[in-house]
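What the coordinates show
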Amino acid sequence: MKFGILFRPQDPPDATNLVERWQEILAAAKLAEQVGFDGLFVPEHHMMPDGYPPSPWAALGALAAITERVEIGTTIHLLPFEHPIHVAEHAAMVDILSGGRLRLGCGLGNFPAEFGLYGIDPATQVSRFEESIEIVQRAWAGEELDFHGRHFDIKGRVTPRPVGAELWLGAMSDPGVRRAARFGCPWPTDPLHNIDVMRHWADVYRGAGEEYGTSQRLGVNLLRDGWVADSLADVERTWWPHVRADHWFYFKEVPRWVAEREPFLQDVTEEDDFKFDRHRIDRLIVGSPDDCIASIRAFEETIDPDYLIMSFRMASGPDHKQELECIRRFGSEVIPAFQPQGHTT
């Protein structure tokens, strides 16, 4: 299993020094490569206070320039909001600059305000997404395109081609994971839902891979929120208020939870209803190094992920110094438990 970090490289909208924040991200990225992480990822959202930047391309170029070994990528890039030829070309350039290390995770998008920003009808998002996936895959393969679909008319060929890029497809539903399997793509999960939900979607995904004959190209890339410290009490004091606010935002303001698969949400009416001792179980990877290792083992045994991609620092905190210490400890005290004896980075 590989280990990655998903950075939230943008503070809330009222932040005054994003230049400093980006420098902190780059410092954290360098440290992550040094201590044994395998991948560094950035997300995308628009007009939201969740720490997600509106475009990944400059960030990926920066990460490519300051690292040598780790994979770099997106979890996820909102593919319907950009022309697929632009995506194919931007991604190819990042992949070449990084020496073939790009892992482009793409998603459907599901917030009406974002579609409004781009003047796109949300009712067309699935067909637009699927056309875009096909176009990117065929462009990367070097095809001379003569494509005429519902949304795009394309004639020509993309150059240069990527040298090692992979396309991943995010999903948070049965149809979504089946789509990822149909296109033969690794699936980056969401970080919110518990282990039972992840097991269900992983089973649907792998079953669809058997159905479509794509099993050999599939992989589950598990996203999780987490924090390593001396104890659960330290995590609850230092980190939990930030992730509680984040999860409340995705419950109340821009719903992302699939409520019918999370019965505990029926009792949630305010942010304080998210209780650490209850919320962390089979969902978060938190606590001492031994606590984190035990939680990862449970996910490993249940869904057998190929990648574990961690979010440590939320948009509101903890601070940079604490983030670096968490990354350092996770790399030195957690990751080695999952490496073959004698392995060195």
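Up top is the structure.
All of the points below concern the structure found in this document. Note that the coordinates shown come from a computational prediction; the quantities given were computed from them, not determined experimentally.

1. Some remarks on the overall build of the protein chain
Within the protein chain one finds 12 helices and 11 strands. For 345 residues, the compact-globule estimate of 2.2 N^0.38 gives 20 Å, and the C-alpha radius of gyration of the protein chain, at 19 Å, lies within 12% of that figure. With the C-alpha coordinates of the protein chain rotated into their principal frame, the extents come out at 60 × 45 × 45 Å. Considering the protein chain as a whole, with its 345 residues, one finds that 56% of them fall into the buried category. Within the structure as shown, the protein chain displays about 14,400 Å² of accessible surface, and the carbon and sulfur contribution to it stands at 48%.

2. Re the environment of Leu-102
Along the polypeptide, Leu-102 turns up in strand β4 (residues 102-107). The exposure class assigned to Leu-102 is buried, which follows from its relative accessible area of 0%. For the pair Leu-102 and His-90, spaced 12 residues apart in sequence, the C-alpha separation works out to 11 Å. When neighbours within four sequence positions are excluded, Leu-102 is seen to be in contact with Leu-60, Ile-72, Gly-73, Ala-91, Val-94, Asp-95, Gly-164, Ala-165 and Glu-166.

3. As for the pairing of strand β9 (residues 220-228)
Across the nine residues that make up β9, a large majority, nine, are buried. Every second residue of β9 is oriented toward a common face, with Val-220, Leu-222, Arg-224, Gly-226 and Val-228 on one face and Asn-221, Leu-223, Asp-225 and Trp-227 on the other, all of them buried. Note: strand β8 (residues 187-188) against β9, two bridges, orientation parallel. Across the sheet, the residue bridging to Pro-188 is Asn-221, located in β9. When β9 meets strand β11 (residues 307-311), the two strands line up parallel, connected through five bridges. In the strand pairing of β11, Arg-224 is matched with Met-310. Alignment of β9 against strand β10 (residues 285-287), held across three bridges, turns out to be parallel. Counterpart to Gly-226 in the pairing with β10 is Ile-285.

4. Section: the state of the cysteines
Applying the stated criterion across every chain, the model contains zero disulfides. Between Cys-185, a free cysteine, and Cys-106, which holds the nearest cysteine sulfur, the sulfur-to-sulfur gap is 8.6 Å. Residue Cys-185 is classed as buried on the basis of its relative accessible area of 1%. Take Cys-326: it sits in no disulfide, and the sulfur closest to it among the cysteines is that of Cys-292, at 7.6 Å.

5. Regarding the packing of aromatic side chains
Tallied over the entire structure, the rule returns 19 aromatic pairs. An aromatic cluster is present here, built from Phe-3, Phe-37, Phe-312, Phe-330 and Phe-338 joined pairwise through their rings. When the ring centre of Phe-276 is taken as reference, the NZ or CZ atom of Arg-280 above it lies at 5.9 Å.

6. Focus: the pattern of salt bridges
The full count for this structure, using the stated rule, is 25 salt bridges. Here Arg-329 ties to Asp-230 by a salt bridge, and the two come within 2.8 Å at their closest N and O atoms. Highlighted residues: Arg-329 in helix α12 (residues 320-334) and Asp-230 in the loop between β9 and α8 (232-238), separated in sequence by 99 residues. By relative accessible area, Arg-329 is classed as buried at 14%. What emerges from the salt-bridge pattern is a single network uniting Lys-2, Glu-71, Arg-103 and Glu-166.

7. Structural notes on α12
For an α-helix, the turn length of 3.6 residues means that residues three or four places apart are oriented alike. For α12, which comprises 15 residues, the first-to-last C-alpha distance of 20 Å matches the rise-based estimate of 21 Å (1.5 Å per residue) to within 8%. Every buried residue belonging to α12 is among His-320, Glu-323, Leu-324, Cys-326, Ile-327, Arg-329, Phe-330, Gly-331 and Val-334, and all of these are buried. Those residues of α12 that are buried are in contact with β1 (2-6), α1 (18-35), β9, α11 (289-303) and β11. Capping the start of α12 is the job of one residue whose side-chain oxygen sits 3.2 Å from the backbone nitrogen of Lys-321: Asp-319.

8. Quick notes on unusual backbone geometry
Look at the link from Thr-75 to Ile-76: it is a cis peptide, with omega at 0 degrees. By the secondary structure assignment, Ile-76 is in strand β3 (residues 71-78). In this model, Thr-159 is joined to Pro-160 through a cis peptide bond whose omega is -5 degrees. Along the chain, Pro-160 turns up in the loop between β6 (153-156) and β7 (166-169). With a phi close to 60 degrees, Asp-282 is a non-glycine residue in the positive phi region. Assessed through its relative accessible area of 40%, Asp-282 is described here as partly exposed. Positive phi, normally seen in glycine, also occurs at Asp-304, with a value near 50 degrees. Along the chain, Asp-304 turns up in the loop between α11 and β11.

The rules behind each value
Each chain carries its own residue numbering, running from 1 in the direction its sequence is written. For this predicted model, a pLDDT threshold of at least 70 governs which residues receive local features, and a threshold of 80 or more governs which side-chain atom pairs are given and counted, while totals over whole chains, interfaces and linings are taken from all residues. As a convention, hydrogens and water are excluded, and side-chain values are obtained from all of the structure's heavy atoms. Helix and strand labels come from DSSP, where a helix needs a run of H or I of at least four residues and a strand needs a run of E of at least two; each type is numbered from the N terminus. Radius of gyration here is computed from C-alpha atoms only, and the compact-globule reference equals 2.2 Å multiplied by the residue count raised to the power 0.38. Think of it in three bands: residues with accessible area under 20% of the maximum for their type are buried, residues over 50% are exposed, and the middle band is partly exposed, with areas taken using a 1.4 Å probe on protein chains only. Only the protein chains shown count as cover for residues, and the accessible areas themselves come from Shrake-Rupley with a 1.4 Å probe. In what follows, a contact means two residues having at least one pair of non-hydrogen atoms within 4.5 Å. For two strands to be treated as a pair, DSSP must find at least two bridges joining them. A pair of cysteine sulfur atoms is labelled a disulfide when the two atoms are within 2.5 Å. Two rings belonging to Phe, Tyr or Trp (six-membered ring only in the last case) form a pair when the distance between their centres is within 6.5 Å. Interplanar angles under 30 degrees mark stacking, angles over 60 mark edge-to-face geometry, and anything in between is tilted. For a ring to carry a charge above it, either NZ of a lysine or CZ of an arginine must fall within 6 Å of the ring centroid while also lying within 35 degrees of the normal to the ring plane. Throughout this description, the term salt bridge denotes a Lys or Arg side-chain nitrogen within 4 Å of a carboxyl oxygen of Asp or Glu. Between the first and last residue of a helix there are one fewer steps than residues, each counted as 1.5 Å, and that sum is the expected span. Polar contacts, as used here, are pairs of N or O atoms within 3.5 Å; protein pairs need one atom able to donate a hydrogen and one able to accept it. Residues neighboring in sequence count only if both atoms are side-chain atoms.

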